[in-house]
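Observations on chain architecture
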Amino acid sequence: MAQKPGIPKGTRDFNATEVAKRSYIMDVIKEQFQLYGFQPIETPSFENSDTLMGKYGDEGDRLIFKILNSGDYLKKVSNDVYNSKSEHLITPSISEKALRYDLTVPFARYVVQHQNEIEFPFKRYQIQPVWRADRPQKGRFREFYQCDADVVGSTSLFQEVEFVQLYDAVFTALKLDGVVIKINNRKILSGIAEVIGAQDKLIDFTVALDKLDKIGEDKVKEEMRNKGISDDGISKLQPLFYLKGDFIGQIAKLKSILISSEIGRKGIEELEFINTAISDLKLNTAKLQLDVTLARGLNYYTGAIFEVSAPEGVKMGSIGGGGRYDDLTSIFGKPDTSGVGISFGLDRIYLVLEELGLFPEAITETTKVLFINFGEREAMTSLKAVTQLRQAGIKAELFPDAVTSGKQMKKQMTYANRRNIPYVVVVGEEELINQNYSLKNMISGQQKTVTFSMLLKSVS
RNA sequence: GUGGUUGUAGCUCAGCUGGUUAGAGCGUCGGUUUGUGGUACCGAAAGUCGCCGGUUCGAACCCGGUCUUCCACCCCA
């Protein structure tokens, strides 16, 4: 055998079953997006580098796939730059475009670019692939789909409330019970940083705090110390490490910690509003949980932060995330436009549904009736019946190649069996003479001779 | 980007401290059954042991590089 072809690491081929299952998830999400009033848009798979670079931090820049300029791209590079061997200098001069890294930044660009055509508040959804030059792991790919819904141009906290409901609606529709919608607020994190005198180290502080679940209290403190947060400040955090219990209880404790911080109090107020509304409106299957250690997400979140984790017992990272960003469009020249949005990780949801066996049987259903092909005359008669069945909305097909021996018959039956086609119709010489059809049920193995109207009725 | 891990037939995997013609199960194909699949029996095909190089009389096995898989970190859906 010749050298086998392959695909780049972190990418995948999808077979018919996989495509059907992925479409199922996307259709459910789309349906809910539309029920909540979101309109679809699409943006190009690659953007100008300026649009993307610097929006995700240094780490993000590293993970953006850059597209090499066309033509003799080295010719334009000055000798100084060329000899510098510095990627920071060389990359911009040989690459001016890059594959999109997420859907939020291109959306912000879209909003600014089309601001005069858009009615605000603008609610849009977008389901498209994104690319990251990451090292693959379970549930982590270099090409994957994001399903985003965002609202820009409204500061109302009802948006946050509706997004919690939307998460609940989608996962309920997917029969994925028991997902946990974790919520936090950047203002609370800012408030805490303020209280411990580490306002300038907010990012370092939150990144460390976020790891509490994973590495434990001691390591978190160690990391904070390494980042230059004072021991005095860290000791003030102590109550945070034991902040357990229900939403209201946690809020009460936070209030006492953040009493001196105006921004912290504002964050608490927002969380209370959302929780009160959700308690009143009620969720179907999801749970809303306050998690003050939740700090993931991009540097641009300013208010609410969301993350959805799979039901307990499923080993999978987050299956969704989002938050409010007050200033994203100002990077592109449109200040004072608040946005809030959420994202669904299609590929991870797929893995979770697969693991729990939650895909409906029906989605992989293919052809329902296969006609055995005995030759030209028989095939023509069969094709007439096939056409009528199709008009009646029944998936039907004729085996394209004729029987030339008994083995061919066997081959066609095997084909039907492999493809899980539940009915086979035999139209041979006998049936042609008698103007009837031999209908075989492939599950029971029973066969009967019928007229067309009986055939239609049997397979409907 | 850092550290580790994996790669043998279409698939899942054996293969002892390096030693003749590299094995199994499942699948595929053929036959028992020339108008009948899914279960049974018989038989067959199929592998430059990820790729390149090195050590050795001799390498699937040891060493180096590279690609790939999965995992941890970084970060994240």
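Note that this is a predicted model, so its numbers are computed, not measured.

Examining the overall build of chain A
Looking only at helices and strands, one finds 19 helices and 16 strands in chain A. Taking 23 Å as the expected radius of gyration for a compact globule of 460 residues, we find that chain A reaches 29 Å, considerably beyond that expectation. Burial status across chain A gives 48% buried among its 460 residues. Long-range contacts, defined here as pairs at least 24 residues apart, represent 70% of the contacts in chain A between residues at least 6 apart. When the accessible surface of chain A is summed, it comes to about 24100 Å², and 50% of that surface belongs to carbon and sulfur atoms. Distance from the positive charge centre (59 side chains) to the negative charge centre (60 side chains) of chain A: 6 Å.

Some thoughts on the pattern of salt bridges
Taken as a whole and assessed by the stated rule, the structure comprises 17 salt bridges. A salt bridge links Arg22 to Asp347, with the shortest nitrogen-to-oxygen separation between them at 2.9 Å. One end of the pair, Arg22, is in helix H1 (residues 16–35); the other, Asp347, is in helix H15 (residues 346–356), and 325 residues separate them in sequence. Each member of the pair, Arg22 together with Asp347, is buried. Its salt-bridge partner being Glu47, residue Arg109 comes within 2.5 Å of it at the nearest N-O pair.

Re the sheet that holds strand E9 (residues 304–309)
Across the sheet, which stays open at both edges, the 8 strands sit in the order E1-E5-E6-E11-E10-E9-E7-E8 with mixed pairing between neighbours. Because the sheet does not close on itself, it has two edges, and the strands there are strand E1 (39–40) and strand E8 (287–290). Alignment of E9 against strand E10 (residues 318–325), held across 5 bridges, turns out to be antiparallel. Bridge pairing links Glu307 to Gly321 in E10. Here helix H6 (residues 104–113) sits on the sheet in contact with strand E5 (122–131), strand E6 (143–152) and E10, set at roughly 135° to E5. Helix H8 (residues 186–195) contacts strand E7 (180–185) and E9 of the sheet and is inclined by roughly 50° relative to E7.

Quick notes on the packing of aromatic side chains
Throughout the structure, instances matching the rule amount to 16 aromatic pairs. Ring centres of Phe158 and Phe273 lie 5.2 Å apart, and the angle between their planes is 70°; on these two criteria the pair is classed as edge-to-face. Pair noted here: Phe158 is in helix H7 (residues 158–173) and Phe273 is in helix H14 (residues 262–281), with a separation of 115 residues, a long-range link. We classify Phe273 as partly exposed; its relative accessible area is 34%. Between Phe399 and Tyr415, the ring centres sit 5.1 Å apart and the planes meet at 85°, which makes this aromatic pair edge-to-face. One end of the pair, Phe399, is in the loop between strand E13 (396–398) and helix H17 (406–418); the other, Tyr415, is in helix H17, and 16 residues separate them in sequence. By relative accessible area, Tyr415 is classed as partly exposed at 30%. Each residue in the set Phe33, Phe38, Tyr125, Phe163, Tyr167, Phe171, Phe306 and Phe344 is aromatic and connected to the rest through ring pairs, giving one cluster.

Details of helix H19 (residues 452–459)
Residues of H19 that are buried include every one of Phe452, Leu455 and Val459, and no others. Viewed end-on, H19 has its buried residues packed into an arc of 55°, placing them on one side of the element. More than 90 degrees from the buried face of H19, the exposed residues found are Ser453 and Lys457. The inward-facing, buried residues of H19 abut strand E12 (369–372), helix H16 (376–391), strand E14 (423–426), strand E15 (437–441) and strand E16 (447–450).

Procedures and definitions
- The numbers attached to residues start from 1 for each chain and follow its sequence in the written order.
- Chain A is the first chain written and ligand 1 is the first ligand written, with later ones labelled in order.
- With the structure being a predicted model, the display of local features is reserved for residues of pLDDT at least 70 and the display and counting of side-chain atom pairs for 80 or more, all residues being used for whole-chain, interface and lining totals.
- Side-chain numbers here rest on the full set of heavy atoms in the structure, without hydrogens or water.
- Going along the chain from the N terminus, every DSSP run of H or I of four or more residues is numbered as a helix, and every run of E of two or more is numbered as a strand.
- All radius of gyration figures rest on C-alpha atoms, and the globule criterion is 2.2 Å times the number of residues raised to 0.38.
- The cut-offs for exposure are 20% and 50% of the maximum accessible area for each residue type, with area from a 1.4 Å probe on protein chains only; residues under the lower value are buried, those over the upper are exposed, and the others partly exposed.
- Here, two residues are considered to be in contact whenever any of their heavy atoms come within 4.5 Å of each other.
- Residue exposure ignores everything except the shown protein chains as possible cover, and the areas themselves are Shrake-Rupley values with a 1.4 Å probe.
- Only four residue types enter the tally: Lys and Arg on the positive side, Asp and Glu on the negative side; His and the chain ends are excluded.
- Here the site of a charge means atom NZ of a Lys, CZ of an Arg, CG of an Asp or CD of a Glu.
- Salt bridges are identified by distance alone: a Lys or Arg side-chain nitrogen within 4 Å of an Asp or Glu carboxyl oxygen.
- Any two strands with at least two DSSP-identified bridges between them are counted as paired.
- What counts as an axis is a line fitted to C-alpha atoms, over the stretch in contact for a helix, and the angles between N-to-C directions run from 0 to 180 degrees.
- To pair, rings of Phe, Tyr and Trp, with the six-membered ring standing in for Trp, must have centres within 6.5 Å; the planes then decide the type, stacked if under 30 degrees apart, edge-to-face if over 60, and tilted in the middle.
- Directions pointing from the helix axis toward each C-beta atom define the arc.

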